[in-house]
Amino acid sequence: MKSTRLLLLTLLFLLLFTEPMMSVVNREATVAGIPALYAYVFAVWAIMIGLLAYVIHRSHPADESISDE
């Protein structure tokens, strides 16, 4: 299940960094003084790192269960 989630996150990451998605935010606008494209790239990058960390640390394989026997 973890590998499926990681694959889906990878595909989402690739989709968000394709040219059509990047061209939507590639304009003269700024976000807090930062060009919109730079803000978009940084935000997507930071969110993806957070999601990957969440998926990796959250899922535990069933064969690693600890028993008190």
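Up top is the structure.
Residues numbered from 1 in each chain as written. Predicted model: local features only at pLDDT ≥ 70, side-chain atom pairs only at ≥ 80, totals over all residues. Heavy atoms only, no water.

(A) Quick look at helix 3 (residues 36-58). Under the 1.5 Å per step criterion, the end-to-end length of helix 3 is 32 Å for 23 residues, consistent within 8% with the ideal 33 Å. Within helix 3, burial applies to Ala36, Tyr40, Val44, Met48 and Val55. On its buried side, helix 3 packs onto helix 1 (2-16), helix 2 (19-25), strand 1 (30-31) and strand 2 (34-35). (Helix = DSSP H or I, 4+ residues; strand = E, 2+ residues; numbered from the N terminus. Expected span 1.5 Å × (residues − 1). Buried < 20%, exposed > 50% of the residue type's maximum accessible area, 1.4 Å probe, protein only. Contact = heavy atoms within 4.5 Å.)

(B) Region of the structure containing the packing of helix 1 against helix 3. Viewed as axis vectors pointing N to C, helix 1 and helix 3 meet at an angle of 175°, and their least axial separation amounts to 10 Å. Between helix 1 and helix 3, the interaxial angle falls into the category roughly antiparallel. Taken together, the residues of helix 3 that come into contact with helix 1 (itself represented by Lys2, Arg5, Leu6, Leu9, Leu12, Phe13 and Leu16) are Tyr40, Val44, Met48, Leu51, Leu52, Val55, Ile56 and Arg58. Classifying every residue of the contact of helix 1 with helix 3 by side-chain character gives twelve nonpolar, no polar and three charged. (Axes fitted to C-alpha atoms, helices over the stretch in contact; angles between N-to-C directions. Parallel < 35°, antiparallel > 145°, perpendicular 65-115°, else oblique. Nonpolar A, V, L, I, M, F, W, Y, C, P; charged D, E, K, R; others polar.)

(C) Here's a closer look at a nonpolar patch on the surface. On the surface, Leu7, Leu8, Leu11 and Leu14 cluster together into a nonpolar patch covering about 400 Å² of accessible area. With respect to the secondary-structure elements, Leu7 resides in helix 1. (Patch = residues over 30% accessible without salt bridge, like charges linked within 9 Å, V, L, I, M, F, W, Y side chains within 5 Å. Areas by Shrake-Rupley, 256 points an atom, 1.4 Å probe, with all protein chains shown as cover. Salt bridge = Lys/Arg side-chain N within 4 Å of Asp/Glu carboxyl O.)

(D) Geometry of unusual backbone geometry. Even without being a glycine, Ala32 presents a positive backbone phi close to 55°. For Ala32, the location among the structural elements is in the loop between strand 1 and strand 2. The exposure class assigned to Ala32 is exposed, which follows from its relative accessible area of 80%.

(E) How the structure looks around the packing of aromatic side chains. For the structure shown, the criterion picks out three aromatic pairs. Ring geometry for Phe13 versus Phe17: centroids 4.9 Å apart, planes at 75°, classification edge-to-face. Summarising the aromatic geometry, the rings of Phe17 and Tyr40 are spaced 6.5 Å apart at their centres and angled 65° between planes, so their arrangement reads as edge-to-face. Here Phe17 is found in the loop between helix 1 and helix 2, whereas its partner Tyr40 is found in helix 3, with 23 residues between them in sequence. (Phe/Tyr/Trp six-rings, centres within 6.5 Å; stacked < 30°, edge-to-face > 60°.)

So yeah, pure geometry; function would need other evidence.
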